[in-house]
Amino acid sequence: MTSRDPLGAVEQTATAEEIVATLRHDLRNCFGTIRNAAFFIRRKVAREQAFRDDPRVGQFLDVIDEEAIAASALVDGVIDANASLRRRPVSASARECALTAAACARIAEPGIRVDVDAAEGVVELDPAELALAVRCLVENAAESMTGGGVVTLRGSVVGARYRIEVGDTGTGVPEAEREAITRPFYTTKPGRLGLGLNIAGRVARRYFGTLTLGHGAPSGTLACIELPLAAAPEPPGAGAEERP
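- Looking at an unreviewed UniProt entry, one finds the chain named histidine kinase and attributed to Sorangium atrum.

1. Re the pattern of salt bridges
Right, so step 1: In the structure shown here, the tally under the stated rule is ten salt bridges.
Right, so step 2: Here Arg42 ties to Asp62 by a salt bridge, and the two come within 2.4 Å at their closest N and O atoms. Of the two residues, Arg42 sits in helix α1 (residues 8-45) while Asp62 sits in helix α3 (residues 55-83), which places them 20 residues apart along the sequence.
Right, so step 3: Look at Arg42 and you get partly exposed, because its relative accessible area is 27%.
Right, so step 4: Classification of Asp62 as partly exposed rests on a relative accessible area of 34%.
Right, so step 5: When the shortest N-O distance is used, the salt bridge between Glu129 and Arg206 registers 2.8 Å. Here Arg206 lies in helix α6 (residues 196-206) and Glu129 lies in helix α5 (residues 127-143), a separation of 77 residues in the sequence.
Right, so step 6: Put simply, Arg106, Arg135 and Glu139 are held in one network by salt bridges that share partners.

2. Brief notes about the packing of helix α4 (residues 94-104) against α5
Right, so step 1: Relative orientation of the contacting elements α4 and α5 amounts to 50°, with a least axis distance of 8 Å. Between α4 and α5, the crossing angle belongs to the class labelled oblique. Viewed along their axes, α4 and α5 form a crossing whose handedness is right-handed. In contact with Ala94, Cys97, Thr100, Ala101 and Cys104 of α4, α5 contributes Pro127, Leu130, Ala131, Val134, Arg135 and Glu139.

3. Some words on the nonpolar core
Right, so step 1: Counting residues in hydrophobic clusters, the biggest one holds 41 residues, and the most contacted among them are Leu130, Val134, Val151, Leu153 and Val166.
Right, so step 2: With ten residues, the top contributor of residues to this core is α5.
Right, so step 3: Not counting residues within four places of it along the chain, the set of residues in contact with Val134 comprises Ala101, Leu153, Ile164 and Val166.

4. Description of the side chain of Arg135
Right, so step 1: Residue placement: Arg135 occurs in helix α5.
Right, so step 2: Among all residues touching Arg135, those that are not within four sequence positions of it are Asp5, Leu7, Glu11, Ala101, Cys104, Ala105 and Arg106.

5. Regarding unusual backbone geometry
Right, so step 1: With a phi angle near 65°, Phe208 is a residue other than glycine that sits in the positive phi range.
Right, so step 2: With respect to the helices and strands, Phe208 occurs in the loop between α6 and β6 (210-215).

6. Here's the deal with α4
Right, so step 1: Within α4 the residues assigned to the buried category are Ala94, Cys97, Ala98, Ala101, Ala102 and Cys104.
Right, so step 2: If you follow the buried residues of α4, they end up packed against β1 (90-93), β2 (112-118), β3 (122-125), α5, β4 (149-158) and β5 (161-167).

Conventions and cut-offs
Residues numbered from 1 in each chain as written. Predicted model: local features only at pLDDT ≥ 70, side-chain atom pairs only at ≥ 80, totals over all residues. Heavy atoms only, no water. Salt bridge = Lys/Arg side-chain N within 4 Å of Asp/Glu carboxyl O. Helix = DSSP H or I, 4+ residues; strand = E, 2+ residues; numbered from the N terminus. Buried < 20%, exposed > 50% of the residue type's maximum accessible area, 1.4 Å probe, protein only. Axes fitted to C-alpha atoms, helices over the stretch in contact; angles between N-to-C directions. Parallel < 35°, antiparallel > 145°, perpendicular 65-115°, else oblique. Left-handed = near helix turned anticlockwise from the far one by under 90°. Contact = heavy atoms within 4.5 Å. Core = buried A, V, L, I, M, F, W, Y, C linked by side-chain atoms within 4.5 Å.

Here it is in structure tokens:
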């Protein structure tokens, strides 16, 4: 009997979204290169006799430019239209999202446990997406440690924001890899896609938050997601005019 992963569906969606976003970025660069090449060729051949004698040369260069623009717009339009169908923001308990992330974390290394201490705090988002983002950070932290250890998962209210911190006691991120680890598909672990940080960062930004990476204390890495707290609902009758 296999157990069902409660975050499996949202993970598949988030992974597909990261892959498509990366492809969109690469395709837009390709289309831009094609347009630049067509512009360069036009300038080079504009004074040639063949260009003046055969109007099809200019027409085909126009076709290249127009089709590159249309293809780029099509890629953006399809992705943006599909992404809007997956959002289900609600008022959710950030603490419950953290607990779900810890319970669902896939940790293969023996001797590693997750220590959770999260305060209550209400945020406006899709709770499954936040739980997935935190799980990605927990799994990354666990993978950085060998021979056992503790992943700390902390949640607290800081001003008007909710802060989730995931720390490990690994060796930390080498200076040479600090920029590389934020790239899609970068991983040093066989069998991994290397999208965990990208998924966590995208979820944070989607709900007006941030993801930062820093040094842990006394060692390791500390990943931090901060999100705005949901606005407190007005009490019944608030704002109504008082009767004499």
